[in-house]
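Residue-level structural notes
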Amino acid sequence: PQGYGDLVLTGNVQSDLVPRTAVAGPHGIVYEDPETHRAMVNYGGGSQQLVTNCTFIENVSSYGGAVHNVYTNVEARYSHCLFMGNVASKRGGAMNSSGVVGPFGSRVIMDHCTFVGNSAAQNGGALADSHASVSTVANCVFSGNTATLEGGAIYCGNASTLSLLNASMSANQA
């Protein structure tokens, strides 16, 4: 896909897109949700998502303030997206990814994304990976994200794998 604000869902898609406000403009789709609903949940079952040039602002949820990639066989890629001011009452202020042990956990790629001012009450102010998820973070910026327990910017635990390539980190705190 090309252009601004592309969202492509393919395969056995079981995704719930529940933004209260989704505005398409020249700089992408902006997901804003100040009423305690995350913008996106990606469930398993062989779903594949490509989210490009989108902005997620002030979404709130327990796991993954803006996005929760969960269960088995989820493949998601986020490219050139902005995650700002999202809040999780547990893990992953902007995004939480989790799976099950085995070859079919969540697989997530984030490239050229910016995570600013996100927070989690437990782990992973911007991102949290757990329960056998596999994530690749490339050319991303993490600034001013906070977590109460561990991982001001990123938390990776419970048999998960994270590859971090050419990331910029500043003023993140746990």
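Residues numbered from 1 in each chain as written. Predicted model: local features only at pLDDT ≥ 70, side-chain atom pairs only at ≥ 80, totals over all residues. Heavy atoms only, no water.

With respect to the side chain of Ser 133
Along the chain, the position of Ser 133 falls in the loop between β17 (127–130) and β18 (134–138). Taking relative accessible area as the criterion, Ser 133 reaches 0% and is therefore assigned buried. A polar contact is formed between the side chain of Ser 133 and the backbone oxygen of Ser 97, at a distance of 3.4 Å. Of the polar contacts made by the side chain of Ser 133, one reaches the backbone nitrogen of Ser 130; its length is 3.4 Å. The residues contacting Ser 133, other than those within four sequence positions of it, are Ser 97, Ser 98, Gly 99, Ser 106, Ser 160 and Thr 161. (Helix = DSSP H or I, 4+ residues; strand = E, 2+ residues; numbered from the N terminus. Buried < 20%, exposed > 50% of the residue type's maximum accessible area, 1.4 Å probe, protein only. Polar contact = N/O pair within 3.5 Å; in protein donor to acceptor, adjacent residues only side chain to side chain. Contact = heavy atoms within 4.5 Å.)

Here we look at the pairing of strand β13 (residues 95–98)
The two faces of β13 match: Met 95 and Ser 97 on one face and Asn 96 and Ser 98 on the other face are all buried. Note that strand β9 (residues 67–69) and β13 share 3 bridges and pair parallel. Note that in β13 the partner of Asn 69 across the bridge is Ser 97. Summarising the sheet, β13 and β17 pair through 4 bridges and their orientation is parallel. The partner of Ser 98 across the bridge, within β17, is Ser 130. (Pairing = 2+ DSSP bridges.)

Section: the sheet that holds strand β8 (residues 60–63)
One open sheet accounts for 4 strands, arranged β8-β12-β16-β20; its pairing is parallel. If you trace the sheet from one side to the other, it starts and ends with β8 and β20 (146–147), each paired once.

Side note on the nonpolar core
Of all hydrophobic cores here, the largest spans 23 residues; its most connected members are Tyr 78, Phe 83, Met 110, Phe 115, Leu 127 and Phe 142. At the level of secondary structure, the elements contributing two or more residues to this core comprise β7 (54–57), β10 (75–79) and β14 (107–111). The residues contacting Phe 142, other than those within four sequence positions of it, are Phe 115, Ala 126, Leu 127, Val 137, Ala 153, Ile 154, Ala 167, Ser 168, Met 169, Ser 170 and Asn 172. (Core = buried A, V, L, I, M, F, W, Y, C linked by side-chain atoms within 4.5 Å.)

Things to note about the pattern of salt bridges
The full count for this structure, using the stated rule, is 2 salt bridges. Between Arg 77 and Asp 111 there is a salt bridge, with its nearest N and O atoms 2.9 Å apart. Within this pair, whereas Arg 77 is found in strand β10, its partner Asp 111 is found in strand β14, the two being separated by 34 residues in sequence. For Arg 77, a relative accessible area of 36% translates into the label partly exposed. According to the relative accessible area criterion, Asp 111 is buried, its value standing at 9%. (Salt bridge = Lys/Arg side-chain N within 4 Å of Asp/Glu carboxyl O.)

Examining the packing of aromatic side chains
As enumerated under the stated definition, the model contains 4 aromatic pairs in all. Aromatic side chains Phe 83 and Phe 115 sit 4.8 Å apart centroid to centroid with 5° between the ring planes, which places their arrangement in the stacked category. Placement of the pair is Phe 83 in strand β11 (residues 82–84) and Phe 115 in strand β15 (residues 114–116), with a sequence separation of 32 residues. Relative accessible area serves as the criterion here: at 0%, Phe 83 is assigned to the buried category. (Phe/Tyr/Trp six-rings, centres within 6.5 Å; stacked < 30°, edge-to-face > 60°.)

Things to note about the confidence of the model for the protein chain
Here the protein chain averages 77 in pLDDT, while 68% of its residues score no lower than 70. In the model, residues 1–36 has pLDDT below 50 throughout and makes 96 contacts with residues more than four positions away in sequence or in other chains. (pLDDT = per-residue confidence, 0-100.)

Some details on the state of the cysteines
One pass over the full model with this rule turns up 0 disulfides. Among the cysteines around Cys 81, which has no disulfide bond, Cys 113 carries the closest sulfur, lying 4.7 Å off. (Disulfide = S-S within 2.5 Å.)

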